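For reference, the chains in residue letters:
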Amino acid sequence: MPWKGEKDPYKIWLSEIILQQTRVEQGLAYYEKFIKAFPTIQQLAKAPEKKIFKLWEGLGYYTRCRNLMATAQIVVNDYKGKFPATYEEIKKLKGIGPYTAAAISSFAFNEAQAVVDGNVQRVIARYFGISTPIDTTAGKKMYQELATALLDTEQPGVYNQAIMDFGAVICKPQNPLCGECPQQADCEAFKHNLVKQLPVKEKTLAKKDRWFYYFIIQFQDKIYIHQRTGKDIWQDLHEFALYEAETPVQTLFQDLPFLKELFGKQSYSVTHISKVFHQQLTHQHIHGQFITVTTLKPVTALKGYDLVDKKQLKKVAFPRIIKSFLEEKASLAQLF
DNA sequence: AACGCGGGGTG
DNA sequence: CACCCAGCGTT
């Protein structure tokens, strides 16, 4: 992995933000794209938002991207482009919590801060046979304290790297390699046959279904899109005119009140209806359908929307379900 | 303290 | 299908 042994705090920071709740194999290509496009934090700081979002497209947890841009600005403007060098200063930056601050300060500056991520929690819970849930305040405090006590303060960076690698390679979530584990004899979970049950997590959230109907409103060779705001999913990504329903729509699309209100007395025609697309999020299942509507005049009721040429769509960052639709053969045929 | 945020791999 | 991933910010 290109960030192993890396000492440039910019590169370490970028890799750690990308890797938050993200598998190394998934994040690697994004890291390489970003480093290639923005070799320094100065170049990242002056890049247009749109370009950065487009590079982040598909990676998920999009507030990470906005925080990335904010932190690049802060480092360039308030720290003269030099990344702050202590845990406390680093942790003040946007999108950087205890884990990321510990990672950057130990890897780049050799500060004695213990990283606690999912790997470390799992290793500690098993090794010491601790059943305190990892997703509670008491649990987080306990694992952080233990990790801090275990830290090799002479070489914190190497130690942090090692315990995370150990968790990722040997002490894996499922089917850990206890047979070849050098710590087997001292592992409380192994002794008591509790490896499979540790670590303990307290809450499991229910998954909910949502039905999204995207109206691709075409006027000449242009389509209305807007950027999502608010606290819902896909923060800052773009989308078409959205009608969300709590249950699947049963009526004919051309009769939908949503459309009638949008167009008022203006005429419109539904020219294409896509199949139903699906996107699985961690706690939501999105059912999405795309309805193409053609009109001869601009739609004044679409406030906050941009009328964008179809050819420009490839420069815009969309959620995966919209990207899937745009890349599907039938969609390409009817839209372009 | 509880909750929400993505997309993808694994068994 | 359930689980989890080099977590964080908001309420």
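Let us now look at the protein's contact with DNA strand B. Around DNA strand B, the structure places 24 residues, and the nearest of them are Tyr62, Thr137, Trp234, Gln279 and Arg320. Among the atoms of DNA strand B lying within 4 Å of the protein, the sugar-phosphate backbone contributes 59%. Side-chain polar atom of Asp232 to a phosphate oxygen of DNA strand B: 3.2 Å apart, as the coordinates give it. Arg320 places a polar side-chain atom, nitrogen or oxygen, 2.8 Å from a phosphate oxygen of DNA strand B. Looking at side-chain class alone, the surface near DNA strand B contains 7 nonpolar, 11 polar and 6 charged residues.

Turning next to the layout of surface pockets. Estimates place the volume of the second largest pocket at around 300 Å³. Lining the second largest pocket are 20 residues; nearest its centre among them are Val123, Tyr127, Phe166, Cys181 and Gln183. Elements with a contribution of two residues or more to the lining of the second largest pocket: helix H8 (118–128) and helix H10 (156–169). When residues in the lining of the second largest pocket are grouped by element, the largest group, 5 residues, is from H8.

As a further point, take the packing of helix H1 (residues 9–18) against helix H7 (residues 98–109). At a closest axis distance of 10 Å, the pairing of H1 and H7 adopts a crossing angle of 150°. Looking at the two axes, H1 sits roughly antiparallel to H7. Handedness of the H1/H7 crossing: right-handed. Of H7, the residues touching H1 (which contributes Pro9, Ile12, Trp13, Glu16 and Ile17) are Tyr99, Thr100, Ala103, Ile104, Phe107, Ala108 and Phe109. Taken together, the residues of the contact of H1 with H7 sort by class into 10 nonpolar, 1 polar and 1 charged.

This part covers the packing of aromatic side chains. Ring pairs (aromatic) are described by centroid distance and by the angle formed between their planes. A complete count under the given rule lists 20 aromatic pairs for this structure. Ring centres 6.0 Å apart and planes at 55° place the aromatic pair Phe34 and Phe38 in the tilted group. We note that Phe34, like Phe38, is buried. When the ring of Phe277 is compared with that of Phe325, the centres are 5.9 Å apart and the planes differ by 80°; the resulting orientation is edge-to-face. Of this pair, Phe277 sits in strand S5 (residues 269–280) while Phe325 is found in helix H13 (residues 320–327), placing the two residues 48 residues apart along the sequence. For the pair shown, Phe277 and Phe325 are each scored as buried. These aromatic residues form a ring-pair network of at least three members: Phe212, Tyr214, Trp234, Phe240, Phe277, Phe290, Phe318 and Phe325. Against the face of Tyr30 rests Lys33, its NZ or CZ located 4.3 Å from the ring centre. The residue whose ring lies beneath Lys310 is Phe336, and the NZ or CZ to ring-centre distance is 5.9 Å.

Conventions used here
Residues numbered from 1 in each chain as written. Chains lettered and ligands numbered in written order. Predicted model: local features only at pLDDT ≥ 70, side-chain atom pairs only at ≥ 80, totals over all residues. Heavy atoms only, no water. Near = heavy atom within 4 Å. Polar contact = N/O pair within 3.5 Å; in protein donor to acceptor, adjacent residues only side chain to side chain. Nonpolar A, V, L, I, M, F, W, Y, C, P; charged D, E, K, R; others polar. 1 Å grid on protein atoms, 1.4 Å probe; cavity = no way out; pocket = protein on both sides within 12 Å on 5 of 7 lines; lining within 4 Å. Points joined across faces, edges and corners; volume = space filled by probe spheres on them. Helix = DSSP H or I, 4+ residues; strand = E, 2+ residues; numbered from the N terminus. Axes fitted to C-alpha atoms, helices over the stretch in contact; angles between N-to-C directions. Parallel < 35°, antiparallel > 145°, perpendicular 65-115°, else oblique. Left-handed = near helix turned anticlockwise from the far one by under 90°. Contact = heavy atoms within 4.5 Å. Phe/Tyr/Trp six-rings, centres within 6.5 Å; stacked < 30°, edge-to-face > 60°. Buried < 20%, exposed > 50% of the residue type's maximum accessible area, 1.4 Å probe, protein only. Lys NZ or Arg CZ within 6 Å of the ring centre and 35° of its normal.

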